[in-house]
Amino acid sequence: MFKGLRVPRFSSAVSRIGRARLQNASPADIIGSDKSKVVAVLPLHGRQKRDRRQARYKTVRLSDGLKLHEMFVMYSVYAAAPSILAFVTTIHLGLVVLRAHRSPAAGAYSFVTFVSVLFAGSPWLLSSLLGLVIGFVVHLGWFAACERLLPTLAAKTPKRAAAPASDGAPRPAGMAQMARRPRDFVKTPVLAVFDETPDVRTFRMARPEGFEFKAGQFLTIRVRADGKEHVRCYSISSPPGAQGHLEITVKRIGLVSGALHATVRPGAMVSVKAPAGAFFYPAGEDRPLVLIAGGVCITPLMSMLRHAIDAEPTRPVTLFYSVRTVEDIAFADEIQMLARRHAQFQAFIAISDGPAGPEFFPGRINEALLTTGAPDIVHAVCLICGPPPMLDATTGLLTKIGVPQPQISFEIFQAAVAASAGGPPVAKASPPRDVVRGLRFERSGSATTVDGDQTMLEAAEACGVAIPSLCRAGVCGTCRTQVLSGDVQCASRMLDEQDRQDGFVLACVTRIESDCTIDA
Ligand SMILES: Cc1cc2nc3c(=O)[nH]c(=O)nc-3n(C[C@H](O)[C@H](O)[C@H](O)COP(=O)(O)OP(=O)(O)OC[C@H]3O[C@@H](n4cnc5c(N)ncnc54)[C@H](O)[C@@H]3O)c2cc1C
Ligand code: FES
């Protein structure tokens, strides 16, 4: 079977054996090292074989002058021959698999695969060294030709699962490379999961194409829990500069956050919608930044902090971070490390309940802490994210210190009171529960009644009128609806002045104060 396999070291070893005897035997007869016995049976090839006519193998004895180490070389060569062939075949088979993988059009039973498999078998047909080399080079050539001529997987499939289909319209050269922003939910794999505190966890996912965002914006995620689909918003905690991934950091509170903690592991797929939100990093200016966070609401500010360190390394940033206990400090190591390494950044962590070590500030964030921590706070842009009581207290303090209102932006995570950038939320004075108003939907022709507990969105959903919604927190703007007549109160400042004048509201945070007609 190995007839003709030439191995230089072997040939030189054999040439030194002048008196080798010939006989018909097989390579399996390779035996021990007794001086009187045959120790190796070697196949002849080429000229040697022609000279010896019938003989196919020569047998070598130690007594023929073969030294022990020469016999070892010969033995190794013949024992290695099948391994060499198997190795080369494996490389060829690897090429076949790669070929099939890269061109799904070729299919398992196609001509291309058939020829490729033949190449994979070629090492056994061309078992001389020269034959192996030629076979391998031809196979590589075949592979390259297929690459050029056949459509590849990369060309057929969008680069990432999330990539939207191209509309085929011609675009300017620069635009052609710009990813389009997907409008709907896209699936993306979770790459890693980290525990930040006992009940706060970070989920790192592959960043889908078109998911550009500004530090501070949020993702909308769709999760199946209790047999239904639920949608929630989570601020992105990673910086926009991290191109390959994005992270959300979630506190275990209720249904969706609980499901994320319980079920989402690396490798899981999650459905997410493109980032949105009007609470984001103030770029294009050099005023100092003051970030004020409460509990898990540090997430959008963490993205801003990371972005500031990366993108504006001389801009002063001061973080005031309030948590209940030392165990509740999320990103503790990173905050410490950033403060140690970057002179532009200072962090003050306030522990409101329980003991605080010397490195922390005991109690809540107060005027003294703000003014000593950030002496130039009146000139700073202040970004706050925390629960409503903290937000009220902090905006009061900033106003007292003399920070102008336009320099204060904030975000709240809780539905119905959420507001985003541009002043405190409108006071939410719900009409009494037993007061029932009429609500008419102009486009669908339906009508219903609304009690004091319901938002406009809930009333529409209850009578089957579809108003698209996402965050249900007055943040994303998806439920923007025009009021045609009647009085309403919208608890969000997301909408601009023009929208307000035109009667638009965010239905998820709007209460009805008289009989109304809306465009839905
Ligand atoms: C713009 C935006 C960004 C957000 N970013 C984050 C984030 O980065 N990390 C994060 O963990 N959450 C964030 N949230 C909150 C998140 O969307 C969910 O509201 C939260 O995870 C609770 O959802 P759930 O389904 O687990 O609880 P649910 O089952 O909906 O609610 C369970 C109970 O908890 C109460 N509750 C709901 N939300 C809160 C809350 N935030 N604080 C206290 N009690 C609450 C509800 O009133 C209810 O009684 C954000 C919300 C918005 C609007
Ligand atoms: S659903 Fe997002 S603003 Fe209403």
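Small disclaimer: the values here were computed from a predicted structure and weren't measured.

**Thoughts on the overall build of the protein chain**
Part 1: A tally of regular secondary structure across the protein chain gives 14 helices and 22 strands.
Part 2: The buried share of the protein chain, taken over its 520 residues, is 45%.
Part 3: Relative to all contacts within the protein chain whose residues are 6 or more apart in sequence, the contacts with residues 24 or more apart total 67%.
Part 4: Of the roughly 26,200 Å² of accessible surface on the protein chain, a fraction of 57% belongs to carbon and sulfur atoms.

**Thoughts on the packing of helix 9 (residues 299-311) against helix 10 (residues 332-341)**
Axis angle and axis distance: for two packed helices, these are the angle between their axes and the distance between the axes, and together they describe the pair.
Part 1: At their nearest, the axes of helix 9 and helix 10 sit 12 Å apart, and the two run at 30 degrees to each other. Between helix 9 and helix 10, the crossing angle belongs to the class labelled roughly parallel. Our pair here, helix 9 against helix 10, has a crossing hand that is left-handed. Across from M302, L305, R306 and I309 in helix 9, the residues of helix 10 making contact are E334, I335 and L338.

**A short note on helix 12 (residues 388-401)**
Part 1: Helix length check: helix 12 (14 residues) gives 20 Å between terminal C-alpha atoms against 20 Å at 1.5 Å per residue, within 8%.
Part 2: Residues of helix 12 that are buried include every one of M390, L391, T394, T395, L397, L398 and I401, and no others. Projected down its long axis, helix 12 carries its buried residues within an arc of 160 degrees, all on one side. Every exposed residue of helix 12 that faces more than 90 degrees away from the buried side is listed here: P389, D392 and K400.
Part 3: A positive phi of about 110 degrees marks G402, the residue just after helix 12.

**What to know about helix 8 (residues 255-263)**
Part 1: Residues V256, S257, G258, A259, L260 and H261 constitute the buried set of helix 8.
Part 2: Of the surrounding elements, those touching the buried residues of helix 8 are strand 5 (200-206), strand 6 (218-225), strand 7 (228-235) and strand 8 (245-251).

**What to know about the pairing of strand 7**
Along any regular strand the residues' side chains alternate between the sheet's two faces.
Part 1: Pairing analysis gives 8 bridges linking strand 6 to strand 7, with the strands arranged antiparallel. Bridge assignment links R224 to a residue of strand 7, and that residue is E229.

**What about the site of ligand 1?**
Part 1: C233, Y234, K251, S257 and T299 are the nearest of the 20 residues found near ligand 1.
Part 2: At 3.0 Å from an oxygen atom of ligand 1 is found a main-chain nitrogen or oxygen belonging to G254.
Part 3: Taking V256, its main chain carries an N or O atom lying 2.8 Å from an oxygen atom of ligand 1.
Part 4: For ligand 1, whose unbound accessible area comes to 900 Å², protein coverage reaches 72%.

**Quick look at the pattern of salt bridges**
Part 1: Overall, the coordinates contain 14 salt bridges when judged by the stated rule.
Part 2: Across the salt bridge formed by E247 and R204, the nearest N and O atoms sit 2.7 Å from each other. Pair noted here: E247 is in strand 8 and R204 is in strand 5, with a separation of 43 residues, a long-range link.
Part 3: The class of E247 is buried, set by a relative accessible area of 5%.
Part 4: The partly exposed category is assigned to R204, whose relative accessible area is 25%.

**Description of the state of the cysteines**
Part 1: Considering all chains together, one arrives at 0 disulfides under this definition.
Part 2: Take C490: it sits in no disulfide, and the sulfur closest to it among the cysteines is that of C508, at 7.7 Å.
Part 3: On the basis of relative accessible area, C490 is assigned to the buried category, the value being 9%.

**Details of the pairing of strand 14 (residues 381-385)**
Part 1: The buried count for strand 14 comes to 5 of 5 residues, which makes it a mostly enclosed element.
Part 2: Side chains V381, L383 and C385 project from strand 14 onto one buried face, and the interleaved C382 and I384 project onto a second face that is buried too.
Part 3: Summarising the sheet, strand 10 (residues 289-294) and strand 14 pair through 5 bridges and their orientation is parallel. Following the sheet pairing, V290 is matched in strand 14 by C382.
Part 4: For strand 14 and strand 15 (residues 408-411), the ladder comprises 4 bridges, and the chain directions are parallel. By the bridge assignment for strand 15, C382 is matched with I408.
Part 5: As for the winding sense of the linkage, the β-α-β connection from strand 14 through helix 12 to strand 15 is right-handed.

**What to know about the packing of aromatic side chains**
Part 1: Following the criterion strictly, the structure yields 1 aromatic pair and no others.
Part 2: With a centroid separation of 5.4 Å and an interplanar angle of 20 degrees, the aromatic rings of F320 and F348 are classed as stacked. Of the two residues, F320 is situated in strand 11 (residues 317-323) and F348 in strand 12 (residues 345-351); the sequence distance between them amounts to 28 residues.
Part 3: Using a relative accessible area of 0% as the deciding quantity, one classes F320 as buried.
Part 4: Here K214 stacks its cationic end above the ring of F280, 4.2 Å away from the centre of that ring.
Part 5: Between R222 and the ring centre of F185, over which it is positioned, the NZ or CZ distance is 4.3 Å.

Reading guide: rules and limits
Residues numbered from 1 in each chain as written. Chains lettered and ligands numbered in written order. Predicted model: local features only at pLDDT ≥ 70, side-chain atom pairs only at ≥ 80, totals over all residues. Heavy atoms only, no water. Helix = DSSP H or I, 4+ residues; strand = E, 2+ residues; numbered from the N terminus. Buried < 20%, exposed > 50% of the residue type's maximum accessible area, 1.4 Å probe, protein only. Contact = heavy atoms within 4.5 Å. Areas by Shrake-Rupley, 256 points an atom, 1.4 Å probe, with all protein chains shown as cover. Axes fitted to C-alpha atoms, helices over the stretch in contact; angles between N-to-C directions. Parallel < 35°, antiparallel > 145°, perpendicular 65-115°, else oblique. Left-handed = near helix turned anticlockwise from the far one by under 90°. Expected span 1.5 Å × (residues − 1). Arc of directions from axis to C-beta. Pairing = 2+ DSSP bridges. Near = heavy atom within 4 Å. Polar contact = N/O pair within 3.5 Å; in protein donor to acceptor, adjacent residues only side chain to side chain. Salt bridge = Lys/Arg side-chain N within 4 Å of Asp/Glu carboxyl O. Disulfide = S-S within 2.5 Å. Right-handed = clockwise from strand over helix to strand, strands pointing away. Phe/Tyr/Trp six-rings, centres within 6.5 Å; stacked < 30°, edge-to-face > 60°. Lys NZ or Arg CZ within 6 Å of the ring centre and 35° of its normal.

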